[in-house]
Amino acid sequence: MSISTLILAALVVGTIFGTGLNLYFPTLIEPLDHYLLSPLGQSFLRLIQFVVVPIVFSSLILGLTRIQNATQVGRYALKLITSYFLTSAIAVGLGIALALVLKPGVGVTGLTLSTVSDSVKQPALIDWLVSLISSKFYH
Amino acid sequence: MVSQFNFEQILSLILYTAPLGVFALIASVIATQGLEVITRLFLYVFGLCLGSTIMIGFYLFVLFLLKAKPVQFCQSFSPALSLAFGTASSNAVLPIALKNAQESYGMREDIASFAIPLGTALKRDGSAILQGFNAIFIAQIYQIPLTPPLMLAIALSTFLVSFSTAGVPGAGIIMMTTVLSAAGLPVEGVAIVAGVDRLTDGLKTVLNVVSNTVNAAILNHWESDSQFQQSAEQI
């Protein structure tokens, strides 16, 4: 059985298990999650994230040294960024269009809406643009 | 190289423990949050899943048009994609995606080690779809009229935010407040969708990883074509 089938199977089993716990054994959720499920899941995530930074760093360096000449890096980056911009624009358009067509928020009842603060100040666009630039190398 | 050898072992360790880790993550989320929030926000969840699926289909179609082996793409990246769905963290998937790209898909090493980390940091179509869709959803709930200036603000902020979201689960919520406040929409709306965000994060992360790897594959395809032509001209 290939590894991705195993992972998908684990997803299905986990979903069934979680749903079963949630519906039929609500009292078991807190201890089971706190002592078993959360620690297992979080440790797994942390293991991967611990490894990610060295791998990324070394593969970036290895990759950059393998590129034949420096101009190629610029060309790769330019092509990639152009392609990113085009496809992101399509994605943004798709998300907005879907929301306009499906109208998921129209006529929704039964939600408690917290009172909207009266002063919804529009932040200056330029300040917001600057704040987008992440100041930390690694979150 | 010695360090590569150790990384290989660590990657194998990650892959072999992945089923257990993913089981724990999903079971934890669903047990604590429950699934009934999905029934209340069904159209929202459905719309998000539909958007992600359409975009993934678009990318596979582009691969097909370029004759860049879409079927082999799906097969070789399936460990990375299933891990993405389970962890909802594109950062976590990065080393596996690199491995899949070079070993199974046959991407050139210099392109893969450059494009895939770059894409993991910058390229998130899943986020792009989520933020735009979510902002309009909140405007609809609060019955705020969707004027052209508002739509423009939503589109622009979504576009920019999709390049700067962190690759960890739950980052979407933080960026939601950014997009909403940039467009002047009530930030309190985030509380409505927060419950369902983790559940939709899986498919969204799959799209993030797909958008990243497909762009790398497209670059790989372009570059191998031109290299072939260059060496042909030299003969």
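Rules of the game
- Residues numbered from 1 in each chain as written.
- Chains lettered and ligands numbered in written order.
- Predicted model: local features only at pLDDT ≥ 70, side-chain atom pairs only at ≥ 80, totals over all residues.
- Heavy atoms only, no water.
- Helix = DSSP H or I, 4+ residues; strand = E, 2+ residues; numbered from the N terminus.
- Buried < 20%, exposed > 50% of the residue type's maximum accessible area, 1.4 Å probe, protein only.
- Areas by Shrake-Rupley, 256 points an atom, 1.4 Å probe, with all protein chains shown as cover.
- Contact = heavy atoms within 4.5 Å.
- Buried area = accessible area lost by both parts, 1.4 Å probe.
- Salt bridge = Lys/Arg side-chain N within 4 Å of Asp/Glu carboxyl O.
- Polar contact = N/O pair within 3.5 Å; in protein donor to acceptor, adjacent residues only side chain to side chain.
- Nonpolar A, V, L, I, M, F, W, Y, C, P; charged D, E, K, R; others polar.
- pLDDT = per-residue confidence, 0-100.

Trainee: Looking at this structure, how should I read the overall build of chain A?
Mentor: Broken down by element type, chain A carries four helices and zero strands. Ordered by position from the N terminus, the helices and strands of chain A form the series α-α-α-α. Relative to its 139 residues, chain A shows a buried fraction of 31%. Carbon and sulfur atoms provide 71% of the accessible area of chain A, an area that totals close to 8,900 Å².

Trainee: Whenever I open this one, the interface of chain A and chain B confuses me. Can you help?
Mentor: A common way to express how large an interface is: the accessible area buried when the components associate. Contacts between the two partners involve 81 residues from chain A, matched on the other side by 105 residues from chain B. Between chain A and chain B the total buried area reaches about 7,900 Å² when both faces are included, carbon and sulfur atoms providing 78% of it. Inspection of the chain A/chain B interface yields zero salt bridges. Here chain A is connected to chain B by eleven residue pairs in polar contact (both at pLDDT 80 or more). Those elements that place two or more of their residues in the side of chain A that touches chain B are α1 (3–24), α2 (26–66), α3 (70–102) and α4 (125–132) of chain A. Among the residues forming the side of chain A that touches chain B, the class breakdown is 52 nonpolar, 24 polar and five charged.

Trainee: Just checking my understanding: could you explain the confidence of the model for chain A for this structure?
Mentor: Residue and element names in this part refer to chain A. When the pLDDT values of chain A are averaged, the result is 77; 72% of them are 70 or greater. Per-element confidence in chain A ranges from a low mean pLDDT of 63 for α4 to a high of 89 for α3. Contacts from residues 118–123, a stretch scored under 50 in pLDDT, to residues over four places away or in other chains number six contacts.

Trainee: Looking at this model, I keep getting lost on the confidence of the model for chain B. Mind explaining?
Mentor: Low pLDDT means the predicted coordinates in that region are not meant to be read closely. Across chain B, the average pLDDT comes to 85, with 92% of residues at or above 70. Across the assembled chains, the prediction reports ipTM 0.84 with pTM 0.81.

Trainee: Sorry, what's going on with the environment of B:Lys204 here?
Mentor: Residue and element names in this part refer to chain B. Its place among the elements puts lysine 204 in helix α10 (residues 190–234). A relative accessible area of 9% places lysine 204 in the buried class. Sequence separation between lysine 204 and arginine 124 is 80 residues, and the spatial gap between their C-alpha atoms is 8.8 Å. Once you skip the residues sitting within four places of it in the chain, lysine 204 turns out to touch Ser52, Gly126, Ser127 and Leu130. Of the polar contacts made by the side chain of lysine 204, one reaches the side chain of aspartate 201; its length is 3.0 Å.

Trainee: Help me understand the pattern of salt bridges in this model?
Mentor: Note on pairing: side chains with opposite charge can pair once their charged atoms come close. All names here are of chain B. For the structure shown, the criterion picks out four salt bridges over all chains. Of the charged contacts in the structure, one is a salt bridge between lysine 123 and aspartate 125, with a shortest N-O distance of 2.7 Å. An identical accessibility class is assigned to lysine 123 and aspartate 125; each is buried. Ionic pairing is found between lysine 204 and aspartate 201, a salt bridge with its closest N-O pair at 3.0 Å. With lysine 204 and aspartate 201 both in helix α10, this residue pair falls three residues apart, about one helical turn.

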